[in-house]
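# Commentary on secondary and tertiary structure
These are the residues of each chain, in order.
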Amino acid sequence: MQPWLAIVLCGFIVAASNNTSDGDANITSESNDATTTANLFNQTAAELTGVTFNGPGDLQALISALGLNSSIVLACLVAFAILRLRFPLVYSNRQDDDGVPSTSATSCGKFIDWVKLSIYTTDEEAIRIAGLDSTLLRSFCTLGASILGAIAIPMCIIVVPLNAAFGEANLQEDPLRMLEMATIRQNHPWLYYLHAAVVWLVCFTVHFFIDQALKKFLKFRMKWMEAVPIPQSTTVLVEAVPADWRSDGKLKMFFQKVFSSDDVVAAHLVKHEHDLAKLLAKRDSLLQLQRKAQQVFEKTQKVDTFRQCPCGKRVETLPYCEEQLQGMDENIQQLRHSHAEERLRDPMARSSASGFVTFSNRRFADMAQSLRISSDQNHWKVSAAPEASDIRWGDLRRSSEFSTALKTVGYLFVLGLYVGFMPIVIFITNVVELVDLGPMQPLWAGFAPTLGLTLFLALLTTVLVLIFQTFFCLKANAYAQHKLQWWYFTFQLIFVVLVTTIGRSLVSQFQAVLESPTSVFDILANSLPKATHFYMTYLILQWTKKALEILRYMNLSKFLFFKTFCTSKEAKEKAEPEDQASQGLGARNVNLAVSFVLGLLFSSVAPLLSIFAMLDLILGRLIYGYLVIHAETRKPDLGGEFWVSQVHFAELALGLYCILMIGVLSQMSESYAWMIAAPSLLLVVWSAWHHRKTYQWRQLPFEELVTLNEDPKEAADVIGECYIQPELADTTQVTCVV
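What you see is a predicted model, and the numbers here were worked out from it, not measured in a lab.

Definitions and limits used
- Going along each chain's sequence as written, the residues are numbered from 1 onward.
- Only residues with pLDDT of at least 70 get local features here, since the model is predicted, and only at 80 or more are side-chain atom pairs given and counted; chain-wide, interface and lining totals rely on the full set of residues.
- The side-chain figures draw on all heavy atoms in the structure; neither hydrogens nor water molecules are used.
- Helix numbers and strand numbers start at the N terminus; a helix is a DSSP run of H or I with at least 4 residues, a strand a run of E with at least 2.
- Remark: exposure states derive from per-residue accessible area (1.4 Å probe, protein chains only) relative to the maximum for the residue type, with buried under 20%, exposed over 50%, and partly exposed in between.
- Between two residues, a contact is recorded if the distance between any of their heavy atoms is within 4.5 Å.
- Surface exposure here means Shrake-Rupley accessible area, sampled with a 1.4 Å probe, where a residue is shielded only by the protein chains that are shown.
- We place a 1 Å grid over just the protein atoms. Points where a 1.4 Å probe fits but has no way out form a cavity, open points with protein on both sides within 12 Å along at least 5 of 7 lines form a pocket, and any residue with an atom within 4 Å of a point lines it.
- Grid points are joined across faces, edges and corners, and a volume is the space filled by probe spheres set on the points.
- Under the scheme applied, nonpolar residues are Ala, Val, Leu, Ile, Met, Phe, Trp, Tyr, Cys and Pro; charged residues are Asp, Glu, Lys and Arg; polar residues are all the others, including Gly.
- Helix span is expected to be 1.5 Å times the residue number reduced by one.
- What the arc measures is the spread of directions leading from the helix axis to the C-beta atoms.
- Put simply, two rings from Phe, Tyr or Trp (the six-membered ring, in Trp's case) pair if the centres are within 6.5 Å, and we call them stacked under 30 degrees between planes, edge-to-face over 60, tilted for the rest.
- Comment: the charge-over-ring label is applied if NZ (Lys) or CZ (Arg) is within 6 Å of the ring centre and within 35 degrees of the ring normal.
- Buried Ala, Val, Leu, Ile, Met, Phe, Trp, Tyr and Cys residues form a nonpolar core when they are joined through side-chain atoms within 4.5 Å.
- A pair of strands is treated as paired once DSSP finds two or more bridges between them.
- One confidence number per residue, pLDDT, is output by the predictor and ranges from 0 to 100.
- Angular values range over 0 to 180 degrees, each being the angle between N-to-C directions of two axes fitted as lines to C-alpha atoms, with helices fitted over their stretch in contact.
- Two distance rules govern patches: like charges are joined within 9 Å, and nonpolar side chains (Val, Leu, Ile, Met, Phe, Trp, Tyr) within 5 Å, applied only to residues with over 30% relative accessible area and no salt bridge.
- Should a side-chain nitrogen of Lys or Arg be within 4 Å of a carboxyl oxygen of Asp or Glu, the pair is scored as a salt bridge.
- Convention used here: angles under 35 degrees read as roughly parallel, angles over 145 as roughly antiparallel, angles from 65 to 115 as roughly perpendicular, and any remaining angle as oblique.

Now for the overall build of the protein chain. Helix and strand counts for the protein chain come out as 35 helices and six strands. Relative to its full complement of 738 residues, the protein chain shows a buried share of 51%. For the protein chain, the share of sequence-separated contacts (at least 6 apart) that also reach a separation of at least 24 residues comes to 82%. For the protein chain, the exposed surface amounts to about 34000 Å²; the carbon and sulfur share of it is 62%.

Written out as structure tokens, the structure is:
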């Protein structure tokens, strides 16, 4: 969801709820400000994020949320089906790398065809169209829904009735309590032993499903690696090259000594071409501006103008671009030529510490990644080359010292977001509550208290991506999404899943756990089961969030805007892709992982919550099964990195589940039930170790490499296709030949 839309929706919802419950309140703004400010600093993290504990009236609130969000989801799906027929370029026009239309582009004439495409598109076809990472996004929905279904459905059918029959639920106070473990009276003679056995069953179930999913993933991963095209499959990225080897000739000679002269095709160190890169970027922006002005004139017969600076006068675009472009190509060629002559005099001139080495066969590229070249692990870092079109050349030009310094600053900024979450939210809320809107003050009074939290959460992914792209050496843009996946999941885990355990300070709670690690059992058991009804509503709200994504409202708006002065095809290109901060692979995987974590974590405490999480994942499978495969543009593919991280998150969720249940059993019963459940943590650790040891997925095993049939002609053609930075694309004799 776009930040501005999230803010508006949240504001109206909060304002409406406040007006309904407190419609006749006419309190002066001065007294409100003083009271609110005092209360804010005394609020816990759960109170700041709006988490409420279980209580009377939760059933009615849950039914209302279920009805409202189900209606919104249905309306969004119907609207999408209509829009898909009306604007096929935005919702259906998808081609694979060979330019072959996908199934969605040739079968968009029926109202609900998209449902069939989402469900019945095979994994093989999805990988061909959208890549392995996008296909595995929908596969995680299937895996998560299968695990939760295998656990929650038997729990609802067997365990919940037993809890209700032998528990002591007060249906008048809280009817939902009958469906939860909280209905069991303390020190029940045998029900807690049943739940201890259930913990083991849950652990075995999750291990089995993940094990089967990893076997399937490994097959897809091997096929994906075999299909990586030349020269990417035969090229390695070498970072932290020592100063004595920083020339194309010496780098090539080094690897020729390790292998042979025939095995190494070319070597190219990334060059410090800042002036040339700046000039090329200026030319590209001018050409784009010129093209837009021509399209505006052709469509509307109006002369396009623009401002050179925000306060400057408007000038005609076409004459300005023609004047600026005049002689620019000659300047670029002269600059390239002078730099080439400089490198002929000094082969190490302008060379950075990173480069690419291309081999004649992928076997040698894989062997190079396994070499231990230096005793100093900070030198000669060899890894697989990313997609050439996705490389961040500016990051590779940085020195290792400068990259380390920037990365340190980046980590400080990220940690600052975590530690400063509550102070930042309180500060924003205090500032906005000083605003007096006069007649609109009652509406603003309902909106302002949550504005700090809403702004923070809406902009979090954007800020994280900006930090990663600015301070981290990512090598390729896709790695920013992978970093976002890990850090954003950590934030969601702390401030969504475990928010009730934090109290008023994340740092103080962390210190308490370090001083007494066993206290984590009591912390989780004392807080999490009390907020199960809130998390049910939270999961239902996720349905609406996913349903809004399928509308692609921002892409549609941009498409309609650009279509006024561009062709439909050009408008489609300009309208893509969707916002990668909030709707990229990183954020989407995290949102799905959080739903799964909540469903698994509360599967014994509140099985109905797991059912809602399962439905959320099923809806995600339906929506993303169509969206990422048949509508959105293809993203750079890391070949399963996101999937493996999702599996790690699932294993972490299983560990948290065991800790929670051990704590609940030890608090609710003086029996030995918790001792029966406690060894399940060992099973979780063994399961994670087993998956990492058994499924080696990063590189093709040599038994696969030696049987891999490579086209000799294709391998020979790689000589002229080295990884060359765009600034030097016309000077291949410099980059591929010493």
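After presenting the structure, the write-up continues.
For the rest of this paragraph, the subject is empty space enclosed by the protein. Per the counting criterion, the structure on display carries two cavities of 30 Å³ or more. Of the pockets and cavities examined, the largest cavity occupies roughly 70 Å³. Around the largest cavity, the lining is made up of 14 residues, and of these S134, L585, V628, E632 and K635 lie nearest the centre. If you list the elements that add at least two residues to the lining of the largest cavity, you get helix 27 (580-583) and helix 28 (585-601). Grouping the amino acids of the lining of the largest cavity by side-chain chemistry returns three nonpolar, five polar and six charged.

So, about helix 14 (residues 328-345). In a regular helix each residue adds 1.5 Å, so 18 residues correspond to 26 Å; helix 14 covers 26 Å between its end C-alpha atoms and thus fits that length. Residues of helix 14 that are buried include every one of M328, I332, R336, H339, A340 and R343, and no others. Within helix 14, the buried residues cover an arc of 115° as seen down the axis, which keeps them to one side. Of the exposed residues in helix 14, the ones pointing more than 90 degrees away from its buried face are Q334, L344 and R345.

This brings us to the packing of aromatic side chains. On inspection of all chains with the given rule, the structure shows 39 aromatic pairs. The interplanar angle of 40° and the centroid separation of 4.2 Å between the aromatic rings of F421 and F495 together place this pair among those described as tilted. In this pair, F421 is assigned in helix 18 (residues 421-432) and F495 in helix 21 (residues 478-497), connecting sequence segments 74 residues apart. Here F421 and F495 have matching classes, each one buried. Each residue in the set Y411, Y418, F421, F456, F468, F472, W487, F491 and F495 is aromatic and connected to the rest through ring pairs, giving one cluster. The side chain of R86 reaches across the aromatic face of F87, ending 4.8 Å from its centre. Positioned above the aromatic ring of F364 is the side chain of R363, whose terminal nitrogen or guanidinium carbon lies 5.9 Å from the ring centre.

Turning our attention to the nonpolar core. Most often, soluble globular proteins have nonpolar side chains that are buried together. Of all hydrophobic cores here, the largest spans 163 residues; its most connected members are F596, L598, L600 and W643. Tallying contributions element by element places helix 30 (residues 641-668) first for this core, with 17 residues. With sequence-adjacent residues up to four places away left out, F596 is seen in contact with F140, G144, I147, L148, L617, A650 and A653. In terms of nonpolar packing, the next biggest core, distinct from the first, is built from 17 residues, V241, F255, V357 and F359 among them.

Once that is clear, we can look at the pairing of strand 5 (residues 351-359). Judged by how many residues are buried, strand 5 sits mostly within the fold: nine of nine residues are covered. The sheet contact formed by strand 2 (residues 264-271) and strand 5 spans six bridges and is antiparallel. Looking at the pairing, A266 lines up with T358 of strand 5.

This part takes up the environment of D346. Relative to the assigned elements, D346 resides in the loop between helix 14 and strand 5. For the pair D346 and S247, spaced 99 residues apart in sequence, the C-alpha to C-alpha distance is 8.9 Å.

Looking now at the confidence of the model for the protein chain. Of all residues in the protein chain, 86% have pLDDT values of 70 or greater, and the mean over the chain is 83. Of the regions scoring below 50 in pLDDT, residues 1-34 engages in 33 contacts with residues more than four places distant in sequence or in other chains. Contacts for the low-pLDDT stretch residues 95-108, under 50 throughout, to residues beyond four places or in other chains number 30 contacts.

Glancing now at the sheet that holds strand 6 (residues 381-384). With antiparallel pairing, the four strands of this open sheet are ordered in space as 2-5-1-6. Every interior strand has two partners, whereas the edge strands, strand 2 and strand 6, have only one. Neighbour-to-neighbour, the strand axes of the sheet open up by a mean angle of 25°, direction not taken into account. Across the sheet, helix 11 (residues 248-258) is in contact with strand 1 (235-239), strand 2 and strand 5; its angle to strand 2 comes to roughly 140°.

Here we come to the environment of H690. Relative to the helices and strands, H690 resides in helix 32 (residues 680-694). Placed 479 residues apart in sequence, H690 and D211 show a C-alpha to C-alpha distance of 9.2 Å. Setting aside chain neighbours within four positions, we find H690 in contact with H207 and D211.

Here we take up the layout of surface pockets. In this structure, the second largest pocket spans a volume of roughly 870 Å³. What lines the second largest pocket is a set of 36 residues, and nearest its centre among them are S383, A384, Y479, E641 and R698. Here the lining of the second largest pocket is composed, by residue class, of 18 nonpolar, seven polar and 11 charged.

We now examine a nonpolar patch on the surface. A cluster of nonpolar side chains, F166, W190, Y193, Y672, W674, M675 and I676, forms an exposed patch at the surface whose accessible area comes to about 700 Å². Here M675 lies in helix 31 (residues 673-677). Classification of M675 by relative accessible area gives partly exposed; the value is 44%.

Let's shift gears to unusual backbone geometry. With an omega dihedral of 15°, the bond running from I230 to P231 counts as a cis peptide bond. By the element assignment, P231 lies in the loop between helix 10 (191-226) and strand 1. The omega torsion across E576 and P577 is -5°, close enough to zero to call that bond cis. Counting through the fold element by element, P577 comes out in the loop between helix 26 (568-575) and helix 27. Unlike most non-glycine residues, K475 shows phi in positive territory, near 70°. Of note, K475 is situated in the loop between helix 20 (451-471) and helix 21. Here the phi dihedral of R552 falls at roughly 50°; this positive angle occurs in a residue that is not glycine. Examined against the element boundaries, R552 turns out to sit in the loop between helix 24 (532-551) and helix 25 (553-562).

What follows is about the packing of helix 9 (residues 132-166) against helix 28. One can describe the packing of helix 9 onto helix 28 by two numbers: an axis separation of 10 Å at closest approach and a directional angle of 5°. Relative to helix 28, helix 9 is oriented roughly parallel. Listed contacts from helix 28 to D133, S134, L137, F140, C141, G144, I147, L148 and I151 of helix 9 are L585, R588, N589, L592, A593, F596, G599 and L600.

Attention shifts here to helix 24. For helix 24, built from 20 residues, the straight-helix expectation of 28 Å at 1.5 Å per residue is met to within 8% by its first-to-last C-alpha distance of 30 Å. Of all 20 residues making up helix 24, 17 are buried, and the element is well covered by its neighbours. R552 occupies a position one or two residues after helix 24 and carries a positive phi of about 50°.

If you want to describe how two helices pack, look at the angle between their axes and the distance between the axes. Between helix 9 and helix 30, the least distance of the axes is 8 Å, while the angle of their chain directions is 25°. Put simply, helix 9 runs roughly parallel to helix 30. Counting all contacts with helix 9, which are made through D133, L136, S139, F140 and L143, the residues of helix 30 involved are E641, F642, W643 and Q646.

A few words on the pattern of salt bridges. Pairing of side chains with opposite charge becomes possible as their charged atoms draw close. This model, assessed by the stated rule, comprises 22 salt bridges. Here D395 and R398 are joined by a salt bridge, their closest N and O atoms 3.5 Å apart. Salt-bridge contacts for R552 lead to E576; the nearest nitrogen and oxygen are separated by 2.7 Å. Of this pair, R552 sits in the loop between helix 24 and helix 25 while E576 sits in the loop between helix 26 and helix 27, placing them 24 residues apart in sequence. As far as burial versus exposure is concerned, R552 and E576 are alike and both buried. Within the structure, one salt-bridge network assembled from shared partners comprises E549, R552, K572, E576, E578, R588, E632 and K635.

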